[in-house]
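Close look at the chain arrangement
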Amino acid sequence: MIETITELDVLRARVSEWKQQGLRVGFVPTMGNLHAGHYSLVMLARQYADRVVSSVFVNPTQFGPSEDFTRYPRTPEADMGGLEGAGCDVLWLPTVESMYPFGVELAAKVHVPGVSSVLEGAYRPGHFDGVCTVVSRLFNQVQPDVAAFGKKDFQQLAVIRQMVTDLAFPVQLLPGSIVREPDGLAMSSRNQYLSAEERPRAAEIRKTLLAMREGLVAGTPRAEVEAAATQRLSGVGFVVDYTVVRRPDLSEPLDGEVGPRVALVAAKLGRTRLIDNLEW
Ligand code: PAF
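Residues numbered from 1 in each chain as written. Predicted model: local features only at pLDDT ≥ 70, side-chain atom pairs only at ≥ 80, totals over all residues. Heavy atoms only, no water.

Describing the site of the ligand
Under the convention used in this document: Nearness of a residue to a molecule or strand requires only that one of the residue's heavy atoms be within 4 Å of it. Two N or O atoms form a polar contact when they lie within 3.5 Å of each other; inside protein one atom must be a possible hydrogen donor and the other a possible acceptor, and for residues adjacent in sequence the pair counts only when both atoms belong to side chains. Secondary structure counts use DSSP, requiring at least four H or I residues in a row for a helix and at least two E residues in a row for a strand, with both numbered from the N terminus.
Neighbouring the ligand are Pro29, Thr30, Met31, Asn59, Gln62, Val131, Val134, Val135, Phe149, Asp153 and Gln156. In this structure, an oxygen atom belonging to the ligand sits 2.7 Å away from a side-chain N or O atom of Gln156. Elements with a contribution of two residues or more to the shell around the ligand: strand 2 (25-30) and helix 6 (127-142). With 3 residues, the single largest contributor to the shell around the ligand is helix 6.

Some remarks on the pairing of strand 8 (residues 262-269)
Short version of the rule: The buried label applies to any residue whose accessible area, calculated with a 1.4 Å probe on protein chains only, is under 20% of its type's maximum; exposed applies above 50%, and partly exposed to all values in between. Whether two strands pair depends on DSSP finding at least two bridges between them.
The buried fraction of strand 8 amounts to 7 of the 8 residues, a majority that puts the element mostly inside the structure. Here strand 7 (residues 239-246) pairs with strand 8 via 7 bridges, running antiparallel. Within strand 8, the position partnered with Val245 by the bridge is Ala263. Judged from the 8 bridges that link them, strand 8 and strand 9 (residues 272-279) form a sheet pairing that is antiparallel. Residue pairing across strands places Leu264 opposite Asn277, the latter belonging to strand 9.

So, the UniProt feature "binding site: beta-alanine" (unreviewed entry) in the chain
We count it as follows: UniProt positions are given in the numbering used here, feature names are shortened, and annotations may be inferred rather than shown by experiment. What makes two residues a contact is simply this: any of their non-hydrogen atoms within 4.5 Å.
As annotated by UniProt and renumbered to match this structure, "binding site: beta-alanine" (unreviewed entry) occupies Gln62. If you trace the backbone, Gln62 turns up in the loop between strand 3 (51-56) and helix 3 (76-86). Note on Gln62: relative accessible area 10%, which makes it buried. Ignoring anything within four residues of it in the chain, the contact list for Gln62 reads Met31, Glu67, Arg124, His127, Gly130, Val131 and Val134.

Examining unusual backbone geometry
Even without a glycine there, the phi angle at Asn33 is positive, about 50 degrees. Mapped onto the elements, Asn33 comes out in the loop between strand 2 and helix 2 (36-48). Residue Asn33 is classed as buried on the basis of its relative accessible area of 9%. The backbone of Leu119 sits at a positive phi, close to 45 degrees, despite the residue not being glycine. Note on placement: Leu119 falls in the loop between helix 4 (96-99) and helix 5 (120-123).

Structural notes on the UniProt feature "active site" (unreviewed entry) in the chain
Mapped onto this structure's residue numbering, the UniProt feature "active site" (unreviewed entry) falls at His38. Turning to its location among the elements, His38 is positioned in helix 2. Judged by its relative accessible area of 13%, His38 falls in the buried class.

Some thoughts on the pattern of salt bridges
Two side chains of opposite charge can pair, provided their charged atoms sit close to one another. Put simply, the rule reads: For this document, the term salt bridge refers to a Lys or Arg side-chain nitrogen within 4 Å of an Asp or Glu carboxyl oxygen.
Considering all chains together, one arrives at 17 salt bridges under this definition. Residue Asp241 pairs with Arg273 through a salt bridge whose shortest N-O separation is 2.8 Å. Of this pair, Asp241 sits in strand 7 while Arg273 sits in strand 9, placing them 32 residues apart in sequence. Note on accessibility: Asp241 and Arg273 belong to one class, buried.

Describing the packing of aromatic side chains
Put simply, the test is: Ring geometry is summarised as follows: Phe, Tyr and Trp rings, the Trp one being its six-membered ring, pair when their centres sit within 6.5 Å, and such pairs are stacked at plane angles under 30 degrees, edge-to-face over 60 and tilted between the two. In this scheme, the term charge over a ring applies when either NZ of a lysine or CZ of an arginine sits within 6 Å of the ring centre and within 35 degrees of the ring normal.
Within this structure, the stated rule accounts for 7 aromatic pairs. Among the aromatic side chains, those forming a connected cluster through ring pairs are Phe27, Phe139, Phe149 and Phe169. Between the NZ or CZ atom of Arg71 and the centre of the ring of Tyr193, over which it lies, the distance is 4.1 Å. If you follow Arg74 out to its NZ or CZ, it ends over the ring of Phe69, 5.1 Å from the centre.

Right under this line is the structure:
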């Protein structure tokens, strides 16, 4: 049976009990409205840990003023059932007051320079400060040995990796593969905002990423590949924020340079902003 914990003292007691028994603790932070992508992270954490804690906390500090904090889907009952089915031992449900005891305005913030400022960071100013601020608190609360993060949020993982190294968190990060719908759309809590008419068109993002890889591998210049991707998505009604090919650390590759690459896309379909990526 999954145990739901809402008090920090109780969480700390449970985790220290496990640690005294020599058990390894895994952690999967989430904002709820869970889907197969989240459950795959719980299963991944289970492979590296004896006990798994998952948190559900819709973190106000990572949403911009015009973003979807208030309408972000909240489905606590379904989340609890799904987490239990995936093998989660504890559901940690902090309140906003316990997460930010001095209030959001006076909260100590964690800022990771460089990798936080490009792409998502440029389109969503302050977003990664909010993510790092809450993830560092969650790490201190749960004190996990390992923590799983999905690769759909490729840049988030890069930012958290830098934070973990820089602030010497004793946590091993586990990157989880992207879980997709049968038509290739990456699973996301925001997919449910798509209308019935928009939903099939959303699959074009994955096709565009595959075409970007094909173009690059065939030797097409990066700028041409990126421009063609923007054109393709705009052609089916997306408003594109970016379609780029980067090195895995998100820096820009030089023309003719070989090495591992990631294509990243962020685009809006109606009111829904979607992100996805493809590594090769
Ligand atoms: O990826 C998410 O769901 C959130 O950014 C996270 C890591 C749970 C922090 O609120």
